[in-house]
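Each chain, letter by letter, is given below.
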Amino acid sequence: MRRSPKDTALSQRRITRRGLVLGGLQAGVIGGLALRMRFLQVEQADEFRFLAEENRINIRLIPPARGEIFDRNGRIIARNVPSYRITITREEAGDVDKVIERLQHLVPLDPVELAAAREELEKRRGDTPVTVAERVSWEDLSRVAVNAPALPGVTPEVGLSRTYPLGPDFTHVVGYVGPVSDYDLSKIEDPDPLLLQPRFQYGKIGAESALEDRLRGKAGIKRVEVNAAGRVMRELSRKEGVPGDDIQLTIDYKLQNYVQARLGDESAAAVVIDTQTGDLLAVGSSPAFDPNLFVNGISSSDYKALIENDHRPLVAKSVQGVYPPGSTFKMITALAALESGEVSVDETFRCRGFLEVADNKFHCWKRAGHGNMDLHTAIRESCDVYFYELALKAGIDRMSEMATRLGLGRKYDLPMSSVNTGLVPSRDWKRQAKGAEWVIGDSVNTSIGQGFVLASPLQLAVMTARLATGRQITPRLIKSIDGVEQPTQSDQPLGLNENHLRAVRKAMFAVSNSRRGTAYRTRIVAEGMQMAGKTGTSQVRRITAAERRAGVTRNEDLPWNRRDHALFVDFAPAENPRYAVAVVVEHGGGGSTAAAPIARDITLQALYGEDPPLTAYPERDRGRIRAQQARLRELRPPEDDGRPTRA
Amino acid sequence: MSYLEHTVKYTPSGLRKVFYLNWPLLLLLLAVATLGFLMLYSVAGGAFNPWAEPQIKRFGLGMVLMFTVAMIPIYFWRNVALLAYLFTLGLLLLVQVMGDVGMGAQRWIDLGFMRLQPSELMKVTLVMLLAAYYDWLPVRKVSHPLWVAVPLAIILIPTALVLKQPDLGTSILLVMGGGTVMFLAGVHWAYFTAVIAAGVGLVTAVFESRGTPWQLLNDYQYRRIDTFLDPSADPLGAGYHITQSKIALGSGGWTGRGFMQGTQSRLNFLPEKHTDFIFTTLAEEFGFLGAVSLLGLYALIIIFCITSALSNPNRFAALLTLGIATTFFLFFAVNMAMVMGLIPVVGVPLPLVSYGGSAMIVLMAAFGLVQSAHVHKPR
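Conventions we followed
Residues numbered from 1 in each chain as written. Chains lettered and ligands numbered in written order. Predicted model: local features only at pLDDT ≥ 70, side-chain atom pairs only at ≥ 80, totals over all residues. Heavy atoms only, no water. Helix = DSSP H or I, 4+ residues; strand = E, 2+ residues; numbered from the N terminus. Buried < 20%, exposed > 50% of the residue type's maximum accessible area, 1.4 Å probe, protein only. Contact = heavy atoms within 4.5 Å. Areas by Shrake-Rupley, 256 points an atom, 1.4 Å probe, with all protein chains shown as cover. Core = buried A, V, L, I, M, F, W, Y, C linked by side-chain atoms within 4.5 Å. Domains from an automatic or database assignment. Pairing = 2+ DSSP bridges. Axes fitted to C-alpha atoms, helices over the stretch in contact; angles between N-to-C directions. UniProt positions renumbered as here; feature names shortened; annotations may be inferred. Left-handed = near helix turned anticlockwise from the far one by under 90°. Nonpolar A, V, L, I, M, F, W, Y, C, P; charged D, E, K, R; others polar. Phe/Tyr/Trp six-rings, centres within 6.5 Å; stacked < 30°, edge-to-face > 60°. Salt bridge = Lys/Arg side-chain N within 4 Å of Asp/Glu carboxyl O. Patch = residues over 30% accessible without salt bridge, like charges linked within 9 Å, V, L, I, M, F, W, Y side chains within 5 Å. Buried area = accessible area lost by both parts, 1.4 Å probe. Polar contact = N/O pair within 3.5 Å; in protein donor to acceptor, adjacent residues only side chain to side chain. Disulfide = S-S within 2.5 Å.

As for the overall build of chain A
Then, number 1: Across its full length, chain A carries 24 helices and 21 strands.
Then, number 2: Across the 647 residues that make up chain A, the buried fraction comes to 53%.
Then, number 3: In chain A, 71% of the contacts between residues at least 6 apart in sequence involve partners at least 24 apart.
Then, number 4: Taken as a whole, chain A presents about 29,300 Å² of accessible surface, with 49% of it coming from carbon and sulfur.

The structure is reproduced here in structure tokens:
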């Protein structure tokens with residue numbers, strides 16, 4: 001192609017000019033890019049370096065070992081055992097179904113657990129390990145480990161799991177742990193990040209729950225390098241956590257076992273308290289259940305059975321159940337009247353089988369009447385009318401003051417769930433709760449532990465211990481935390497007239513040891529071991545006028561849940577009290593027949609520290625007791641399980 | 001001029017041409033490519049596979065191609081420019097049809113040993129055709145509207161096809177590359193002013209049309225723009241790429257974390273670490289000094305191209321060289337600006353460094369044209 005030289009020259013000039021403009025523009029852009037690099041890489045370098053580290057380094061928690069729980073002698077009650085489980089990580093597994101199928105050939109997989117795992121695998125992020133099998137045996141675990149190459153994404157893991165070697169014996173005291181639920185989390189403000197770990201074991205009820213903060217310990221921290229998918233590439237550093245504090249209870253496991261075994265299938269509760277220190281030696285409630293069922297989630301059928309049982313096995317009746325104390329309240333009425341100065345120890349009142357107060361007839365349990373009664377005989381024979389008379393003299397204010405002083409109506413600070421306050425009625429209380437004024441009839445009902453007054457077996461045991469010692473015995477359940485002995489608070493005197501107390505104790509001794517005492521049949525005959533007690537029978541229903549005319553229906557003829565509660569409190573040895581015991585048998589009938597025998601057996605067991613000699617029992621009981629001892633021995637836990645215990 | 005032309009004009013022939021190659025340019029290309037091999041080796045965790053080795057092979061192939069193209073006289077390339085353009089346009093249409101059939105955005109043709117992206121090839125053949133067009137067109141006519149309309153059509157037809165793939169990055173590069181050749185050829189300033197004004201209008205239209213049934217861009221493209229405007233708003237979602245990219249760049253500091261020590265790339269925080277975002281790995285591991293060095297090498301390549309072009313009396317050769325240099329410039333400038341968070345994330349690789357067959361081969365062929373222009377320059 002020919003062009004004119006002019007055209008060529010013009011073109012070349014233009015290209016040169018524009019080429020230089022373009023080059024200039026490009027130089028400008030390159031300069032701008034260099035400046036931007038400088039800004040990012042030099043001026044903001046520190047900030048971005050920090051962000052890069054933050055990206056790369058992930059902080060993982062190392063769950064601490066949960067504190068273990070021991071009885072007063074160092075026998076382990078709640079321990080941690082290695083638990084083997086198998087997890088699958090979806091991202092690493094690739095074809096999850098195929099991997100699970102292969103796994104099934106090696107390890108038995110629970111279909112329910114597997115279904116839950118499949119669901120979780122779908123829901124969770126691909127890099128989260130999901131548990132497919134728990135509590136795997138060592139053999140199964142090894143089989144999985146050996147076949148690891150064929151099972152991508154499958155990891156055998158070792159963790160710690162809670163177990164309760166004594167089974168149901170301590171269910172109502174220690175409770176159990178379980179996986180943290182959303183509901184648990186909703187109750188906690190600013191929860192420990194540990195709780196968000198999948199399947200973290202968290203105290204659900206009992207001491208496990210109440211002492212959760214001490215038992216849990218502090219999480220360790222490991223810094224790991226992760227890639228963008230969150231997979232751990234290597235561990236950078238590790239700071240071990242602080243294990244939870246070990247806790248020693250005041251409970252004696254042998255006595256606790258005996259109490260639970262003795263209560264058997266009754267709906268009942270029993271509390272044994274050390275009258276010197278206030279230590280709770282046994283806190284029993286029946287029926288009980290195996291706490292291990294709950295640790296990994298209870299099956300719905302088991303749970304349904306527990307819920308539907310009319311004996312309410314899930315309730316710790318020892319502290320949670322409250323009952324009208326019935327005649328066991330009479331010592332309080334007596335002391336209230338004596339301390340008021342209105343009544344003397346020797347003063348007598350006549351029991352005609354009833355007392356008319358404000359146009360109402362209040363009956364004595366003995367229709368024919370007791371005749372002339374003083375403090376000693378009235379307690380011994382549990383005369384109601386005598387105490388009606390005292391109530392009229394003492395008045396409700398003094399009675400409720402005395403009840404409070406002896407330990408009723410107060411919530412003890414024990415590490416158990418739902419410790420009940422009970423109820424000591426007063427004028428103010430009735431005005432507020434019922435919107436009505438206190439009437440004299442209320443005082444009369446209260447005097448024999450009926451009406452509004454409510455007490456837990458624990459409170460009755462405390463009351464008995466206070467009567468036995470004259471000191472302000474306060475129950476203690478924790479002996480030590482992390483080796484640090486917890487204080488006892490049982491030294492303060494109650495400030496009651498010693499003569500009055502002595503008279504009450506003497507009368508209680510007569511209850512168990514005088515031929516006319518209501519609990520004479522369940523006495524202890526061993527020298528120096530005799531107990532002083534008081535029976536109680538509290539009504540669950542009101543006796544209608546019609547029933548009264550027709551003659552009171554016998555308890556045995558009533559349906560179970562309408563029968564009277566049977567109560568018994570005692571301390572022993574009467575001369576030098578060491579233990580106070582309270583027993584409540586729900587709907588058991590009479591205190592002397594249903595509760596007193598249990599209380600005597602438990603008291604003797606506490607006194608001897610083992611099965612008492614049959615000679616401690618009255619002769620006619622010995623055959624039956626021998627059989628009973630043999631039967632209960634079967635339920636005893638093995639002497640030791642070969643694991644070092646802690647003092 | 002005419003006197004000089006007669007006395008000095010001398011065009012090498014035969015194997016002697018090798019001595020007249022632009023050797024500094026060739027060495028620069030080799031240097032940049034070598035840096036690329038190092039980075040690909042690094043992001044693979046210290047391994048030649050899967051990226052470094054194929055890249056080296058392709059570069060070798062590219063070198064052979066460059067020599068071959070360089071040995072062929074420049075007038076031949078001018079003469080086949082239209083053919084080459086039409087051929088590439090045909091390929092673009094072909095992938096369009098195949099893409100429709102294959103239910104997705106297919107951008108390449110499988111040649112067996114590599115996947116050829118016609119859009120990559122178009123970047124070069126478009127510049128070739130425009131250079132040939134202005135070589136043929138008398139200078140006086142270049143600003144005549146009729147003669148402006150022709151190159152506009154030449155640019156916009158393939159651009160429309162590429163945009164439809166959809167490949168926003170390449171379409172921008174096509175428009176800018178073609179526009180540059182028009183600018184160099186001497187088209188009147190007023191046109192460019194008008195186009196820039198129209199561009200602003202278009203951008204406004206793009207934003208205004210959002211959410212309406214006739215919106216101009218894909219949703220993912222809108223999201224990329226959002227991400228650019230505020231990447232921190234969604235650091236784990238749409239803004240993830242750019243945030244991680246800036247973290248990697250910034251954490252390099254002055255001298256970098258050391259070869260194969262970049263945590264961002266080694267731990268996979270970087271997206272597309274072997275392709276579009278490879279510059280971040282380089283900046284992370286070799287720091288500001290390393291990044292600026294690469295920028296310096298690129299700048300030198302451009303400078304050598306411009307010098308060669310401006311001293312070339314052949315109009316086609318000059319325009320072609322400048323056009324290719326600008327296309328090359330746009331490649332790395334857009335890529336760097338993108339990973340440094342200056343412009344939205346559009347898929348543009350870092351030339352000669354990013355892993356990728358088409359771009360490497362096509363670029364080496366383009367530099368073969370530059371070399372051919374240089375070798376066959378009348379001296």
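Digging into the overall build of chain B
Then, number 1: A tally of helices and strands in chain B yields 14 helices and 2 strands.
Then, number 2: In chain B, the proportion of contacts linking residues at least 24 apart, taken out of those at least 6 apart, comes to 73%.
Then, number 3: Carbon and sulfur atoms make up 71% of the accessible area of chain B, which amounts to about 15,600 Å² in all.

Some details on the nonpolar core
All names here are of chain A.
Then, number 1: Core analysis: the largest hydrophobic core is formed by 135 residues, its most contacted members being Val272 and Tyr386.
Then, number 2: The element contributing the most residues to this core is helix α17 (residues 384–405), with 11 residues.
Then, number 3: Counting contributing residues, this core receives three or more from each of domain 1 (61–249) and domain 2 (315–611).

Focus on the sheet that holds strand β20 (residues 565–572) of chain A
Residues and elements named next belong to chain A.
Then, number 1: Taken together, the 5 strands give an open sheet; going across it, the order is β12-β11-β21-β20-β19, and neighbouring strands pair in antiparallel fashion. In the strand order of this sheet, the two ends are held by β12 (280–286) and β19 (532–538), each with one partner. Neighbour to neighbour, the strand axes of the sheet diverge by 5° on average, direction disregarded.
Then, number 2: With respect to the sheet, helix α21 (residues 498–513) is in contact with β19 and β20, its orientation differing from that of β19 by roughly 75°.

So, the UniProt feature "transmembrane region" (unreviewed entry) in chain B
All names here are of chain B.
Then, number 1: Mapped onto this structure's residue numbering, the UniProt feature "transmembrane region" (unreviewed entry) falls at residues 20–44, 56–76, 82–101, 145–163, 286–306, 318–346 and 352–370.
Then, number 2: In residues 145–163, helix accounts for 100% and strand for 0%; the two terminal C-alpha atoms are 25 Å from one another.
Then, number 3: Structurally, residues 352–370 comprises 74% helix and 0% strand, and the distance from its first C-alpha atom to its last is 16 Å.

So, the side chain of Glu212 of chain A
All names here are of chain A.
Then, number 1: Tracing the sequence through the fold places Glu212 in helix α10 (residues 212–216).
Then, number 2: Look at Glu212 and you get buried, because its relative accessible area is 3%.
Then, number 3: Aside from chain neighbours lying at most four places away, what touches Glu212 is Arg66, Tyr202, Gly203 and Ala207.

Brief notes about the packing of helix α7 (residues 168–185) of chain B against helix α13 (residues 315–339) of chain B
Residues and elements named next belong to chain B.
Then, number 1: Orientation of α7 relative to α13, taken along the N-to-C sense of each, is 145°, at an axis distance of 9 Å. When you trace α7 past α13, the crossing you get is right-handed. Along the contact surface, α7 presents Leu173, Met176, Gly177, Thr180, Val181, Leu184 and Ala185, while α13 presents Leu319, Leu322, Gly323, Thr326, Thr327, Leu330, Phe331 and Val334.
Then, number 2: Tallied by class, residues from the contact of α7 with α13 come to 10 nonpolar, 5 polar and no charged.

Quick word on the packing of aromatic side chains
All names here are of chain A.
Then, number 1: Following the criterion strictly, the structure yields 27 aromatic pairs over all chains and no others.
Then, number 2: Residues Phe349 and Tyr386 carry aromatic rings whose centres are separated by 5.6 Å and whose planes lie at 70° to one another, so their mutual orientation is edge-to-face. Residue Phe349 is found in strand β13 (residues 349–351), and its partner Tyr386 is found in helix α17; the two are separated by 37 residues along the sequence. Like Tyr386, Phe349 is buried.
Then, number 3: Aromatic pair Phe362 and Tyr388: ring centres 5.9 Å apart, planes at 65°, arrangement edge-to-face. With Phe362 in strand β15 (residues 360–363) and Tyr388 in helix α17, the pair connects residues that are 26 residues apart, well separated along the chain.
Then, number 4: A residue is classified by how much of its surface remains accessible, and Tyr388, at 3% relative accessible area, is buried.

Examining the pattern of salt bridges
All names here are of chain A.
Then, number 1: Taken as a whole, this structure holds 34 salt bridges over all chains when the rule is applied.
Then, number 2: Arg66 is paired through a salt bridge with Glu212; the nearest N and O atoms lie 2.9 Å apart. Taken together, the residues Arg66 in the loop between β1 (57–62) and β2 (69–70) and Glu212 in helix α10 connect sequence positions 146 residues apart.
Then, number 3: Residue Arg66 is classed as buried on the basis of its relative accessible area, which comes to 9%.
Then, number 4: One salt-bridge network, in which partners are shared between bridges, spans Arg66, Arg162, Glu208, Glu212, Asp213 and Arg216.

With respect to the environment of Val43 of chain B
Residues and elements named next belong to chain B.
Then, number 1: Looking at where Val43 falls in the secondary structure, it is placed in helix α2 (residues 23–43).
Then, number 2: Taking the C-alpha atoms as reference points, Val43 and Lys273, 230 residues apart in sequence, are found 7.0 Å from one another.
Then, number 3: Beyond its immediate sequence surroundings of up to four residues, Val43 is in contact with Trp51, Ser265, Lys273, His274 and Thr281.

Describing a nonpolar patch on the surface
All names here are of chain B.
Then, number 1: Residues Leu152, Leu156, Ile172, Val175 and Met176 make up a contiguous nonpolar surface patch of roughly 390 Å² in combined accessible area.
Then, number 2: Looking at the nonpolar patch, the elements with two or more residues in it are α6 (145–163) and α7.
Then, number 3: With 3 residues, α7 is the largest single contributor of residues to the nonpolar patch.

Some details on the interface of chain A and chain B
Then, number 1: Across the contact, 39 residues belong to chain A and 59 residues belong to chain B.
Then, number 2: In total, about 4,200 Å² of surface goes out of reach between chain A and chain B, with carbon and sulfur atoms giving 66% of it.
Then, number 3: Contact with chain B buries area across many residues of chain A, yet Arg18, Met37 and Gln41 of chain A alone supply 18% of it, more than any other trio.
Then, number 4: Here chain A is connected to chain B by 0 salt bridges.
Then, number 5: Summed over the shared surface of chain A and chain B, the number is 9 residue pairs in polar contact (both at pLDDT 80 or more).
Then, number 6: Of all the secondary-structure elements, those providing two or more residues to the side of chain A that touches chain B are α1 (5–43), α2 (45–56) and β8 (220–226) of chain A.
Then, number 7: Here the element with the most residues in the side of chain A that touches chain B is α1 of chain A; it accounts for 24 residues.

Points about the state of the cysteines
Residues and elements named next belong to chain A.
Then, number 1: Considering all chains together, one arrives at 0 disulfides over all chains under this definition.
Then, number 2: Here Cys364 is not disulfide-linked; the sulfur of Cys351 is the nearest cysteine sulfur, at 4.0 Å.
Then, number 3: Here Cys383 is not disulfide-linked; the sulfur of Cys351 is the nearest cysteine sulfur, at 3.7 Å.

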